[in-house]
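# Close look at the chain arrangement
Each chain, written out:
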Amino acid sequence: MPILGPNQYGKAENRVVKITRDGATHHIKDLNVSVSLSGDMDEVHYSGSNANVLPTDTTKNTVYAFAKEHGIASAEQFGIHLARHFVTSQEPITTARIRIEEYAWERIATAGEDEHSFVRQGQETRLTQITYDGSSWEVVSGLKDLTVMNSTNSEFWGYVKDKYTTLPEAYDRILATEVAGRWRFNWSDDEQETPDWETSYEQVKKHMLEAFAETYSLSLQQTLYQMGSRIIDHRAEIDEVRFSLPNKHHFLVDLEPFGLKNATEDGAVYFAADRPYGLIEATILRDGCEPRIPVDLTNL
């Protein structure tokens, strides 16, 4: 008889928007929450018995009730509340994994005193995944869809060449990428002091962008390493960073048929290619730590 392997179930992509009113000033938390539970679930697979199954609809309802009952101070803290609840309130459940996407809103300035109008920010989507097994925590946060560009201070030359190589060496090029990143916190126990999740996210993004902007890049790999190193060096609460960086290629357009010189030093015209693209990925670790973030970020 085949044996059941790892399994989980839950309710995915529960969209919850929480408005907090501070007089005429309102605050928004806009989340997409996915709940995944695992534990003693053999019989529901083997015989169809639901005796140990908390309905996925109940997990959905819990997300909305907790948003009201506990509020949403941060995506991480909200996920911690949910994970703890599912593991401690349901004996068959031994592990809860909460994945959250957060969408940012920016306040619209008005002439009046009311502050209840917002425009959706489009820079990036904030992410977090909280896993709890009843005794220890793993919190991995991050972001995706953060597009950045350096219009100079990037080169690419000295690479291996064979009979299939046609790419010319570049000594002044555009470097652009769409950042997908995850970072793992070293907070794992309720006895430890909890990080300031909101400040941590803001500071990680700040150091990441500063490293991208300030690195004179001879390769996207070099820039990636500097981005991760800056985070590890400046944020003591983080032990591991992983990036997936597609190289958003910009190629000089050949304008010679029209009698036009198209040189980078004069301010060039480029063709922005969306595919195929180079894909640069790597993990940066604090010395002495082991990698735990999946190599394939689509599995996180």
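This text follows the structure it describes.
Residues numbered from 1 in each chain as written. Predicted model: local features only at pLDDT ≥ 70, side-chain atom pairs only at ≥ 80, totals over all residues. Heavy atoms only, no water.

### Regarding the packing of aromatic side chains
The tally for this structure, following the rule as stated, stands at seven aromatic pairs. Relative to tryptophan 137, the ring of tyrosine 132 lies with its centre 3.9 Å away and its plane at 15°, an arrangement referred to as stacked. Judged on exposure class, the residue tyrosine 132 and its partner tryptophan 137 are both buried. Between tryptophan 183 and tyrosine 201 the ring centres are 6.1 Å apart and the planes differ by 40°, which places this aromatic pair in the tilted class. On the criterion of sequence distance, the pair formed by tryptophan 183 in strand E8 (residues 175–185) and tyrosine 201 in helix H4 (residues 197–214) is long-range, its members being 18 residues apart. Among the aromatic residues, ring-to-ring pairing joins Tyr132, Trp137, Phe185, Trp187 and Trp197 into one connected group. A cation over an aromatic ring shows up here: lysine 161 above the ring of tyrosine 159, its NZ or CZ 4.6 Å from the ring centre. (Phe/Tyr/Trp six-rings, centres within 6.5 Å; stacked < 30°, edge-to-face > 60°. Buried < 20%, exposed > 50% of the residue type's maximum accessible area, 1.4 Å probe, protein only. Helix = DSSP H or I, 4+ residues; strand = E, 2+ residues; numbered from the N terminus. Lys NZ or Arg CZ within 6 Å of the ring centre and 35° of its normal.)

### As for the nonpolar core
Formed by 52 residues in total, the largest nonpolar core has its most connected members in Val33, Phe78, Val179, Trp183, Met208 and Phe243. A total of seven residues in this core trace back to one element, the largest contributor, which is helix H3 (residues 75–89). Tryptophan 183 has contacts with Val139, Val140, Ser141, Gly142, Leu143, Tyr201, Val204, Met208, Ile238, Glu240, Val241 and Ile293, leaving out every residue within four places of it along the chain. One finds Val140, Ile293, Leu297 and Leu300 within the second-largest nonpolar core, a separate group that totals five residues. (Core = buried A, V, L, I, M, F, W, Y, C linked by side-chain atoms within 4.5 Å. Contact = heavy atoms within 4.5 Å.)

### A few points about the packing of H4 against helix H5 (residues 220–234)
For the pair H4 and H5, interaxial distance at closest approach is 8 Å and the crossing angle is 140°. Between H4 and H5, the interaxial angle falls into the category oblique. Every pair of crossing elements has a handedness; the one defined by H4 and H5 is right-handed. Where H4 approaches H5, its residues Val204, His207, Met208, Glu210, Ala211, Phe212 and Glu214 are matched on the opposing element by Thr223, Gln226, Met227, Arg230, Ile231 and His234. Among the residues making up the contact of H4 with H5, the classes are represented as six nonpolar, four polar and three charged. (Axes fitted to C-alpha atoms, helices over the stretch in contact; angles between N-to-C directions. Parallel < 35°, antiparallel > 145°, perpendicular 65-115°, else oblique. Left-handed = near helix turned anticlockwise from the far one by under 90°. Nonpolar A, V, L, I, M, F, W, Y, C, P; charged D, E, K, R; others polar.)

### Comments concerning the pattern of salt bridges
Per the counting criterion, the structure on display carries 19 salt bridges. Note that arginine 235 is salt-bridged to glutamate 237, the shortest N-O span being 3.0 Å. On the accessibility criterion, arginine 235 (17% relative accessible area) is buried. By relative accessible area, glutamate 237 is classed as buried at 14%. Between aspartate 239 and arginine 286 there is a salt bridge; the shortest N-O distance is 3.0 Å. (Salt bridge = Lys/Arg side-chain N within 4 Å of Asp/Glu carboxyl O.)

### Describing the packing of helix H2 (residues 56–69) against H3
As a packed pair, H2 and H3 sit with axes 11 Å apart at the nearest point and diverge in direction by 130°. On the basis of their axis angle, the class for H2 and H3 is oblique. Read as a crossing pair, H2 and H3 show a hand that is right-handed. Across from Thr59, Thr62, Val63, Phe66 and Ala67 in H2, the residues of H3 making contact are Phe78, His81, Leu82, His85 and Phe86. Class assignment of the residues belonging to the contact of H2 with H3 gives a composition of six nonpolar, four polar and no charged.

### Quick look at the pairing of strand E9 (residues 238–247)
Two faces belong to every sheet, and in a regular strand the side chains alternate between them. Most of E9 sits inside the fold, with 10 of its 10 residues counted as buried. Where E8 and E9 come together, seven bridges link them in antiparallel fashion. Paired with glycine 181 across the two strands is phenylalanine 243, which belongs to E9. With eight bridges connecting them, E9 and strand E12 (residues 278–285) associate as antiparallel partners. Within E12, the position partnered with leucine 245 by the bridge is isoleucine 280. (Pairing = 2+ DSSP bridges.)

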